[in-house]
Amino acid sequence: RETRVMRISYHNHTVWSDGTATLAEMLAGARAAGVDEFGLSDHFVLFPEGHGTDAGWIMPPEFLDAYVATLWEAGEHAPEGVTLRVGVEADYFPQTVEAAKARLARHRFDYIIGSVHFTARDPDAADSPLFPIDCAAGCWDALTPDGRNAVWRQYWARIRELAACGLCDFIGHLDLPKKFGHFPTIDLSAEICEALDAIADHGLAIEINTAGWQKPVREAYPSLALLREARRRDIPLLINADAHAPGDVAADYDRAYALARAAGYTELVRYVGRERIGYRMDE
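K.L.:
I tried to follow the overall build of the chain on my own but got confused; where do I start?
P.N.:
When its secondary structure is counted, the chain shows 8 helices and 12 strands. Taken over the C-alpha trace, the chain has a radius of gyration of 18 Å; the compact-globule value for 283 residues is 19 Å, and the two agree within 12%. Counting only C-alpha atoms, the chain reaches 50 × 40 × 30 Å along its principal axes. In the chain, which comprises 283 residues, the proportion classed as buried is 54%. Restricting the contact set of the chain to residue pairs at least 6 apart, pairs at least 24 apart contribute 75%. Charged side chains of the chain number 28 positive and 43 negative; the gap between the two group centres comes to 4 Å.

This is the structure in C-alpha cells:
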C-alpha cells in the first residue's frame, strides 16, 4: 500500500467520444492542474440489437482498437510529472454485456468504468425503446411520477446487475438519474441497498463524480447519504471529474475531498493494470 498523496483523475473524455479536446490538450490540462495520474475513459457502447440510437456522444465501437493503441503510445510521451492511464467507460446492457466483455478483453487496460446511461422506457415490455437517463431534462419532464419512479427502480436494478457481471473495476456516477433534479417519490432503499451490497460483494469501487456540481441538480454523484452507506460496506472510492474539457480535469476536487471525509473515508484508490492500489487522502 502506498502512502504518498496523489491527485488522480481517471474519468475523462476526449474527441474520441463526447469530449471537446484532443488527448494532447487534455494531458496539458492535467499537468496544469497538478494531476499525477490522468486517465482517459471515452465511451464504449454496444447497444442491444434493434435498439440503437443516434448517440453522438459515443465512440464508434470499431474505433476501439485504434483508441487503445493511441493511448498506450501517448503514455510513452506524456508531459513530465503526469502518468497516463488507459481506461474506457463501458455501458451496461443485459443484452450485450457478454459481447462487450469479450471485445474489451482483447485489450490491455488500467481500469474499466462501468456505467448505466439507459434503462428501458417500459421495463415490462421486451421491445421497449431505451430511456436516456442523462440526455435531456425534457425526457424526464415528459414522464409521469410513476414513470420516473420506474426509471429509478430499474436504474438500481441495473447497477446491481452491472456489479455482478464482471464488466468493470468501478462504477461511474452512482445515482446519475438525479441529474435534472427528478427524485423518486417512493422508497427505494431496499433496491439501493441491494445494489450497494452487490458492489461490495463483487469487490468493485465507486467514484465521487464532481461533474454533478455543474449539473442542474447541483450536487456530486453520489449523495452524501449514499457515500456513507458505501463506506459502511467498505466500498473503495475514487475521486473523478468526468471532464470533457482541459480546464475541468480536477474541478471541485477540494469539495470532493471534503465530501469523502464527511462520509468517513480516509483512503482513496487508483489502478494499474486493473489492480487496485490504496493511498491516503491529504489531511
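K.L.:
What am I meant to see in the packing of aromatic side chains here?
P.N.:
Describing an aromatic ring pair means giving the distance of the ring centres and the angle of the ring planes. Across all of its chains, the model carries 14 aromatic pairs by this definition. Each ring, one from Trp 16 and one from Tyr 67, has its centre 5.7 Å from the other, and the planes form 75°; the classification is edge-to-face. Pair noted here: Trp 16 is in the loop between strand E1 (8-9) and helix H1 (23-32) and Tyr 67 is in helix H2 (residues 64-75), with a separation of 51 residues, a long-range link. Overall, the relative accessible area of 22% leaves Trp 16 in the partly exposed class. For the pair Trp 57 and Phe 118, a centre-to-centre distance of 6.0 Å together with 20° between the ring planes defines the contact as stacked. In this pair, Trp 57 sits in the loop between strand E3 (43-44) and H2 while Phe 118 sits in strand E6 (residues 118-120), placing the two residues 61 residues apart along the sequence. On the basis of relative accessibility, which here comes to 5%, the residue Phe 118 falls in the buried class.

K.L.:
It is not clear to me how the side chain of Ser 9 should be interpreted in this structure. Could you clarify?
P.N.:
Mapped onto the elements of the fold, Ser 9 is located in strand E1. According to the relative accessible area criterion, Ser 9 is buried, its value standing at 0%. At 2.6 Å, the side chain of Ser 9 forms a polar contact with the backbone oxygen of Val 249. In this view, Ser 9 contacts Val 35, Glu 37, Phe 38, Gly 39, Asn 240, Ala 241, Val 249 and Tyr 253; residues no more than four positions away in its chain are not counted.

K.L.:
Quick question: what am I supposed to make of the environment of Ala 211 here?
P.N.:
Relative to the elements of secondary structure, Ala 211 occurs in the loop between strand E9 (205-209) and helix H7 (224-232). Between the C-alpha atoms of Ala 211 and Ala 241, which are 30 residues apart in sequence, the distance is 5.7 Å.

K.L.:
Mind showing me how you'd approach the side chain of Asp 42 here?
P.N.:
Within the secondary structure, Asp 42 sits in the loop between strand E2 (37-40) and E3. Salt bridges are absent for the buried Asp 42, whose nearest opposite-charge side chain, Lys 215, sits at 14 Å. Among the polar contacts listed, one links the side chain of Asp 42 to the side chain of Ser 17, at a separation of 2.4 Å. Residues within four places of Asp 42 in sequence aside, it is in contact with Asn 12, His 13, Thr 14, Trp 16, Ser 17, Asp 18, Tyr 67, Val 88 and Glu 89.

K.L.:
Would you mind showing me how to read helix H6 (residues 189-201) here?
P.N.:
Think of an α-helix as 3.6 residues a turn; residues three or four steps apart then line up on the same face. For H6, spanning 13 residues, the distance from its first C-alpha to its last is 18 Å, which sits close to the expected 18 Å at 1.5 Å a residue. Of the residues making up H6, those classed as buried are Ile 192, Ala 195, Leu 196, Ala 198 and Ile 199. Seen from one end, H6 has its buried residues packed into an arc of 155°, which puts them on one side.

K.L.:
So what exactly am I meant to see when it comes to the nonpolar core here?
P.N.:
Most often, soluble globular proteins have nonpolar side chains that are buried together. Residues Phe 38, Trp 156, Ile 159 and Ile 199 are the most contacted members of the largest nonpolar core, which totals 88 residues. Considering each element in turn, this core owes the most residues, 8 residues, to helix H5 (residues 145-165). Counting 6 residues, the second largest nonpolar core, distinct from the first, contains Val 45, Phe 47, Ile 58 and Leu 130.

K.L.:
Would you take a moment to explain the pairing of strand E5 (residues 111-115) for this structure?
P.N.:
For a regular strand, side chains alternate in direction, first toward one face of the sheet and then toward the other. Burial of E5 is extensive: 5 of the 5 residues sit out of reach of the surface. Burial along E5 is two-sided: Tyr 111, Ile 113 and Ser 115 and Ile 112 and Gly 114, pointing in opposite directions, are all buried. By the bridge criterion, 5 bridges tie strand E4 (residues 83-91) to E5 in an arrangement that is parallel. Along E5, the bridge assignment pairs Val 88 with Ile 112.

K.L.:
Whenever I open this one, the pattern of salt bridges confuses me. Can you help?
P.N.:
Applying the stated criterion across every chain yields a total of 14 salt bridges. Here Glu 194 and Arg 160 are joined by a salt bridge, their closest N and O atoms 3.6 Å apart. Of this pair, Glu 194 sits in helix H6 while Arg 160 sits in helix H5, and the two are 34 residues apart along the sequence. Overall, Glu 194 belongs to the partly exposed group, its relative accessible area being 39%. Its relative accessible area of 31% is what places Arg 160 among the partly exposed residues. Several salt bridges share partner residues, and in doing so they unite Asp 197, Glu 229, Arg 232 and Arg 233 into one network.

Thresholds, definitions, all that
Residues numbered from 1 in each chain as written. Predicted model: local features only at pLDDT ≥ 70, side-chain atom pairs only at ≥ 80, totals over all residues. Heavy atoms only, no water. Helix = DSSP H or I, 4+ residues; strand = E, 2+ residues; numbered from the N terminus. Rg over C-alpha atoms; globule rule 2.2 N^0.38 Å. Buried < 20%, exposed > 50% of the residue type's maximum accessible area, 1.4 Å probe, protein only. Contact = heavy atoms within 4.5 Å. Lys, Arg positive; Asp, Glu negative; His and termini not counted. Charge placed at Lys NZ, Arg CZ, Asp CG, Glu CD. Phe/Tyr/Trp six-rings, centres within 6.5 Å; stacked < 30°, edge-to-face > 60°. Polar contact = N/O pair within 3.5 Å; in protein donor to acceptor, adjacent residues only side chain to side chain. Salt bridge = Lys/Arg side-chain N within 4 Å of Asp/Glu carboxyl O. Expected span 1.5 Å × (residues − 1). Arc of directions from axis to C-beta. Core = buried A, V, L, I, M, F, W, Y, C linked by side-chain atoms within 4.5 Å. Pairing = 2+ DSSP bridges.

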